[in-house]
Amino acid sequence: EGIQALADVVEIRRATGERRGVADALLLRARPLSCAGRGVEANAAVTEAAAILESLGEERDLARAYSEQSANAAYDERFAESVEVGERAIEIATRVGDRETLIRALNNTGCSELQRGDDRGLGMLERSLALAREDGRPAEVGRAYINIVAGLAYRHDWRRAEPYIAAGVDYC
């Protein structure tokens, strides 16, 4: 029901020519689509939103769109793509001072790096965790712990995962 309501918003914004509004609605719709297992639709929504925001020169929102693209690629185990677009999100979010997007982009990119065997990903995830703690973002702190453990578990590196499991359980 909520996904359909957001689809209606997208169409209303298209009809009125509000390109920025279309991009915003597409980004809002992408996460619930992804959570509902509708990854193809989520990817299409985020890709369209990013294209609109690129054409408008909206850097802050473009970083958010790139971060969402990175997350969607990671969910589909397209790790190289996740890292590529995630690094763009990190660069823009850092430049424009958008810590919320930076935290998410570091998390997405770090998880993908770690899962493809690059230990730089652990450093990105730890930075995401530290920033989320500093900013008082408990959902992002939990997400960081989950993705650190998931990335290490993906590699069967239980020895390194164990302290994060314990810290995550203590935190939650």
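Residues numbered from 1 in each chain as written. Predicted model: local features only at pLDDT ≥ 70, side-chain atom pairs only at ≥ 80, totals over all residues. Heavy atoms only, no water.

### Focus on the packing of helix α7 (residues 120-135) against helix α8 (residues 138-154)
Their axes nearest at 8 Å, the elements α7 and α8 cross at an angle of 160 degrees. In terms of axis orientation, α7 runs roughly antiparallel to α8. Crossing of α7 over α8 shows left-handed handedness. For the pair α7 and α8, contact is made by Leu122, Leu125, Glu126, Leu129, Ala132 and Arg133 and by Glu140, Val141, Ala144, Tyr145, Asn147 and Ile148, respectively. A per-class count over the contact of α7 with α8 returns eight nonpolar, one polar and three charged. (Axes fitted to C-alpha atoms, helices over the stretch in contact; angles between N-to-C directions. Helix = DSSP H or I, 4+ residues; strand = E, 2+ residues; numbered from the N terminus. Parallel < 35°, antiparallel > 145°, perpendicular 65-115°, else oblique. Left-handed = near helix turned anticlockwise from the far one by under 90°. Contact = heavy atoms within 4.5 Å. Nonpolar A, V, L, I, M, F, W, Y, C, P; charged D, E, K, R; others polar.)

### Things to note about the pattern of salt bridges
All told, the structure shown has 26 salt bridges when counted by the stated rule. Measuring nitrogen to oxygen at the nearest pair gives 2.8 Å for the salt bridge that ties Arg78 to Glu81. Its relative accessible area of 27% is what places Arg78 among the partly exposed residues. In this structure Glu81 comes out as partly exposed when scored by relative accessible area, which is 40%. The network of salt bridges with shared partners includes Arg20, Asp24, Glu58, Asp61 and Arg64. (Salt bridge = Lys/Arg side-chain N within 4 Å of Asp/Glu carboxyl O. Buried < 20%, exposed > 50% of the residue type's maximum accessible area, 1.4 Å probe, protein only.)

### A few points about the packing of aromatic side chains
Within the structure shown, the criterion is met by two aromatic pairs. Ring geometry for Phe79 and Tyr154: centres 5.8 Å apart, planes at 85 degrees, overall edge-to-face. Highlighted residues: Phe79 in helix α5 (residues 79-96) and Tyr154 in helix α8, separated in sequence by 75 residues. Each ring, one from Tyr145 and one from Tyr171, has its centre 6.2 Å from the other, and the planes form 45 degrees; the classification is tilted. One end of the pair, Tyr145, is in helix α8; the other, Tyr171, is in helix α9 (residues 158-171), and 26 residues separate them in sequence. (Phe/Tyr/Trp six-rings, centres within 6.5 Å; stacked < 30°, edge-to-face > 60°.)

### Looking at the side chain of Arg143
Tracing the backbone through its elements, the reader meets Arg143 in helix α8. What makes Arg143 buried here is its relative accessible area of 15%. When sequence neighbours within four positions are dropped, the list of residues in contact with Arg143 reads Arg104, Asn107 and Asn108.

### A word on unusual backbone geometry
For Glu77, which is not glycine, the phi dihedral falls at a positive 60 degrees. With a phi angle near 60 degrees, His156 is a residue other than glycine that sits in the positive phi range. Mapped onto the elements, His156 comes out in the loop between α8 and α9.

### Describing the nonpolar core
In terms of nonpolar packing, the biggest core is built from 42 residues, with Leu26, Tyr66, Ile148 and Tyr164 touching the most fellow members. Beyond its immediate stretch of four places on either side in the chain, Tyr164 contacts Leu122, Glu126, Tyr145, Ile148, Val149 and Leu152. (Core = buried A, V, L, I, M, F, W, Y, C linked by side-chain atoms within 4.5 Å.)

Everything listed is a geometric property; what it means functionally is a separate question.
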